[in-house]
Amino acid sequence: MVKKDRSLHLAIVILGAFLLLLFGAVFFNKQAASSFCANSISCITDLSGKKEASNEGEYMGKKVIAQDVPKRQVIALNNIQQVLGEQSGDYKHIYVDLSKQRLYAFEGTRLVYDFPVSTGKWNHTPTGDFRIWVWLRYTRMAGGDPAQGTYYNLPNVPYTMYYYNESTPKTWGYSLHGAYWHNNFGVPMSHGCTNMRIEDAGKIFYWTNPNAGGTTYPTTENPGTLITVYGETPAS
C-alpha cells in the first residue's frame, strides 16, 4: 500500500513538473513573440486595408490626427514607364541606408527616388534582403511602453508595405509606411519600421504596385518588391 502511495505521489510530481514546464514554454514563447513585434501590441491582426472612421490617435503622450489620403494617388513618375512584368529579375529595388537614414529606389541601375526616412530608435530595424508581402492603404499600429513614455496607438497609418524574409517573419510586422505623427525624417524615430513622409510613402506604394488597393498581395507578375536594408543606425 505504501509502495502504491509513493508511486502515485511520484506520478503526480512528474505530471506537475511537466505541466509547469509546458506552461513556462508557452508563456515565454508568447513573450518572445510579442517582444519582436515592430509596430503593434497585437502585431498584425487586421489586414483589411480599410480606413477607420476616427482619425484620432496617440503618440508618446500627445494626441495626433491622421491625414486622409486620396483614393488613388496620381503620381508623376518622372517619365519612367511602368515596367512590371516586362523586365527580368528584380528590376525595381529599394535600398534603406540606416547610417544615412535615407531610402533609394532604383529601376535597373537608375535612381528614381531618394527620400529621407526614420528607422528604429526604440527597437532596431533588421538588415538584410526582404520582400514586400502585402500592401495596405490604411492600417492601425499600436505599441510602445506607457511607463517609458513611448506608447502609441495610431489609426489609419497610410501606405503600409509589410516586408519579411526567412529570419524576420511576417508576424513581426516590419514595414515601410507613411507617418503623420512626426516630421523629423532623417533621424531615427520608429519602433523598428521605416517611417516616410506621407507623400513619399504614396509614391513608393504605387511605384512598387500600381494596382495596390485596400489590401493587395504579390502576384506572379509582381512577386513583391525587393528591399535591402543595410548600415548602422546612428546613436541617438
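The structure we're discussing is the one just above.
About the thresholds
Residues numbered from 1 in each chain as written. Predicted model: local features only at pLDDT ≥ 70, side-chain atom pairs only at ≥ 80, totals over all residues. Heavy atoms only, no water. Buried < 20%, exposed > 50% of the residue type's maximum accessible area, 1.4 Å probe, protein only. Helix = DSSP H or I, 4+ residues; strand = E, 2+ residues; numbered from the N terminus. Pairing = 2+ DSSP bridges. Salt bridge = Lys/Arg side-chain N within 4 Å of Asp/Glu carboxyl O.

1. Concerning the pairing of strand 6 (residues 128–143)
(1) Moving on: By the criterion of burial, strand 6 is predominantly enclosed, with 12 of the 16 residues buried.
(2) Moving on: Here 4 bridges tie strand 6 to strand 11 (residues 226–230), and the two strands are oriented antiparallel to one another. In the strand pairing of strand 11, R131 is matched with L226.
(3) Moving on: Alignment of strand 6 against strand 7 (residues 152–164), held across 10 bridges, turns out to be antiparallel.

2. Brief notes about the pattern of salt bridges
(1) Moving on: Within this structure, the stated rule accounts for 6 salt bridges.
(2) Moving on: Across the salt bridge formed by R140 and E52, the nearest N and O atoms sit 2.6 Å from each other. In this pair, R140 is assigned in strand 6 and E52 in the loop between helix 1 (2–35) and strand 1 (56–59), connecting sequence segments 88 residues apart.
(3) Moving on: With a closest N to O distance of 2.7 Å, R197 and D200 form a salt bridge.
(4) Moving on: Residue R197 is classed as partly exposed on the basis of its relative accessible area of 29%.
(5) Moving on: Note on D200: relative accessible area 3%, which makes it buried.

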